[in-house]
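Chains, contacts and geometry: an overview
Residues per chain, in single letters:
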Amino acid sequence: MSRHIKIVVAVLLAAVIILAVGIIRFYSDVSKNTGSSNNTEEIIRKLDIDADGNRIFEGSGSFYGVVDANDKVIVSPEWAELTFAGDGFCIASKRINGKLLTGCIDYEGNIAVPFIYRNIIEKSSDAFRFYIAESDSDSSYVLYDTDFNPCFMRGWESCEVNGNELILADGESTFIYAYGENGLQCKEAVIIDRTLERRYELNVISRVILSKLDCIMLDKASDCVSAYMTYAFEGDGKKLRQYTEGAGLKGFSQMFPEDERITSKKLLGISDVFIYSEKSDADNDYYCASVIADTQIKYTDENGTEQTLRDEYKAVIRFSASETDITPVSGSFVKAEPDYPQPEDNIQEPTAEAEIIQ
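To start, this report covers the structure provided alongside it. (Residues numbered from 1 in each chain as written. Predicted model: local features only at pLDDT ≥ 70, side-chain atom pairs only at ≥ 80, totals over all residues. Heavy atoms only, no water.)

**Points about the pattern of salt bridges**
Evaluation of the coordinates by the stated rule reveals 17 salt bridges. Across the pair Glu 172 and Arg 199 runs a salt bridge whose closest N-O atoms are separated by 3.7 Å. Taken together, the positions of Glu 172 in the loop between β12 (165–170) and β13 (173–180) and Arg 199 in strand β15 (residues 198–204) put the pair 27 residues apart, joining distant regions of the chain. Note on Glu 172: relative accessible area 42%, which makes it partly exposed. Between Asp 294 and Arg 310 there is a salt bridge whose closest N-O contact spans 2.5 Å. Pair noted here: Asp 294 is in strand β17 (residues 285–300) and Arg 310 is in strand β18 (residues 306–321), with a separation of 16 residues, a long-range link. Classification of Arg 310 by relative accessible area gives exposed; the value is 56%. (Salt bridge = Lys/Arg side-chain N within 4 Å of Asp/Glu carboxyl O. Helix = DSSP H or I, 4+ residues; strand = E, 2+ residues; numbered from the N terminus. Buried < 20%, exposed > 50% of the residue type's maximum accessible area, 1.4 Å probe, protein only.)

**A few points about unusual backbone geometry**
With a phi angle near 60°, Ser 139 is a residue other than glycine that sits in the positive phi range. With respect to the secondary-structure elements, Ser 139 resides in the loop between β9 (128–135) and β10 (141–144). Since its relative accessible area comes to 27%, Ser 139 is described here as partly exposed.

**Some thoughts on the side chain of Ser 222**
One can find Ser 222 in helix α4 (residues 215–234). Residue classification places Ser 222 among the buried positions, given a relative accessible area of 1%. Apart from residues lying up to four places away in sequence, Ser 222 is in contact with Ile 191, Asp 193, Tyr 200 and Leu 202. (Contact = heavy atoms within 4.5 Å.)

**Observations concerning the packing of aromatic side chains**
Taken as a whole and assessed by the stated rule, the structure comprises 18 aromatic pairs. Geometrically, the ring pair formed by Phe 84 and Tyr 107 is edge-to-face, given 6.2 Å between the ring centres and 70° between the ring planes. Of the two residues, Phe 84 sits in strand β5 (residues 81–85) while Tyr 107 sits in the loop between β7 (99–106) and β8 (111–125), which places them 23 residues apart along the sequence. Of the residues examined, Phe 84 reaches a relative accessible area of 16% and is grouped as buried. Both rings, one in Phe 256 and one in Tyr 313, keep their centres 5.2 Å apart while their planes meet at 85°; by these two values the pair is edge-to-face. Here Tyr 313 lies in strand β18 and Phe 256 lies in the loop between α5 (238–241) and β16 (262–278), a separation of 57 residues in the sequence. (Phe/Tyr/Trp six-rings, centres within 6.5 Å; stacked < 30°, edge-to-face > 60°.)

**A closer look at the environment of Gly 251**
Mapped onto the elements of the fold, Gly 251 is located in the loop between α5 and β16. By relative accessible area, Gly 251 is classed as partly exposed at 44%. Along the primary structure Gly 251 and Val 329 are separated by 78 residues, whereas in three dimensions their C-alpha atoms are 6.5 Å apart. When residues no more than four places from it in sequence are discounted, the contact partners of Gly 251 are Val 329, Ser 330 and Gly 331.

**Let's talk about the nonpolar core**
In terms of nonpolar packing, the biggest core is built from 61 residues, with Leu 218, Tyr 228, Met 229 and Phe 333 touching the most fellow members. Per element, the largest residue contribution to this core is 13 residues, and it comes from α4. Leaving out residues up to four positions away in the same chain, Leu 218 has contacts with Phe 175, Ala 189, Ile 191, Leu 202, Val 204, Ile 209, Leu 210, Leu 213 and Ile 275. Counting 14 residues, the second largest nonpolar core, distinct from the first, contains Val 75, Phe 84, Ala 92 and Tyr 107. (Core = buried A, V, L, I, M, F, W, Y, C linked by side-chain atoms within 4.5 Å.)

**Observations regarding the sheet that holds strand β4 (residues 73–79)**
One open sheet holds the four strands; their spatial order is β1-β2-β3-β4, and the pairing between them is antiparallel. The open sheet has two edge strands with one neighbour each: β1 (45–49) and β4. If you compare each strand with its neighbour and ignore which way they point, the axes differ by 25° on average. The pairing of strand β3 (residues 64–67) with β4 spans three bridges and is classified as antiparallel. (Pairing = 2+ DSSP bridges. Axes fitted to C-alpha atoms, helices over the stretch in contact; angles between N-to-C directions.)

**Some words on the pairing of β5**
Across five bridges, β5 lies against strand β6 (residues 89–96) in antiparallel orientation. Following the sheet pairing, Phe 84 is matched in β6 by Cys 90. Linking β5 to β6, which pair antiparallel, is a turn of three residues; within it Gly 86 sits at a positive phi near 60°.

**Examining the sheet that holds β5**
The strand order β5-β6-β7-β8-β9-β10 describes an open sheet built from six strands, whose pairing is antiparallel. For this open sheet the edge positions go to β5 and β10, each flanked by a neighbour on one side alone. Going from strand to strand, the sheet's axes swing by 40° on average, the running direction of each strand aside. Taken together, the eight bridges between β6 and β7 define a ladder with antiparallel strand orientation. Of the residues in β7, the one forming a bridge with Ala 92 is Gly 103.

**Structural notes on the side chain of Thr 295**
Turning to its location among the elements, Thr 295 is positioned in strand β17. Using a relative accessible area of 0% as the deciding quantity, one classes Thr 295 as buried. A distance of 3.1 Å separates the side chain of Thr 295 from the backbone oxygen of Ala 293, its partner in a polar contact. Look past the residues within four positions of Thr 295 in its chain and what remains in contact with it is Phe 233, Met 255, Lys 266, Leu 268, Leu 309, Arg 310, Asp 311 and Tyr 313. (Polar contact = N/O pair within 3.5 Å; in protein donor to acceptor, adjacent residues only side chain to side chain.)

In structure tokens, the structure reads:
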């Protein structure tokens, strides 16, 4: 599955989760509108208490619920596990189809997080809290804030906590976040991608860039670099068109398009990939991705002989960015033609033997 498709799937999954928060409501077996039912639940023992005096209690059958400060049941005791979380939420576990699955409910029984997780763990530092949810189906991770909204519009293949750092990875790409009094702040992004079977690395450490471009936007920028290089070297613009929002390939040029001497171009490698910002206008920010392409070119010289030239050439892909998206608007190589050897470069110095003969 390509990176682009994975991102689209992740975004759709996150959108479904957010939609579920708004429209899914859990209806317990015991009606919440029946006062006598709420007040006749057996309370075997009381456990944790929240800031408002609500308490988790154990009912019959070793199931758990919540009572308010007046011992009125506000969450029926039907949960295998129950823990206070956030403001007015509980992390709850329930056996579904023989599996113990975890999600999140509020005090009215609404599902805030769907019951699809193996566990949900709280992390906190300097009054900042968030929750890490591990999917039961594929062991991927989703992060939630204290209102149980996703922190990212995507899931992650791995999630590691190291002190006050959060290391999130998807495939070979890694994003490192610091968390604390200022919330989650990206410190470094290392995006590994490929184009024309060549691996490259986009490493972003600029605080300005990381504060403006989130992980999805950086992933997209890297995908656009890959798509442009395919177009520049092979003329295949199908993938690049997927990102230009209907503008087509206007503003994008292939590598040395007007040089009739060139018979073939081959990408040998990519290095020095980085992103920098440009001056912004009122509506958009602008960014550029700079790429150095190690290139082998075959061309015909003035004598009609095919020659081979290897050199490095710089390309720049320009982007327009809003607060939530980034779109490629142009791409080209800095030089108009290769650095061909000059005729005098092919003249050999006379040897000592030749000088004696002369």
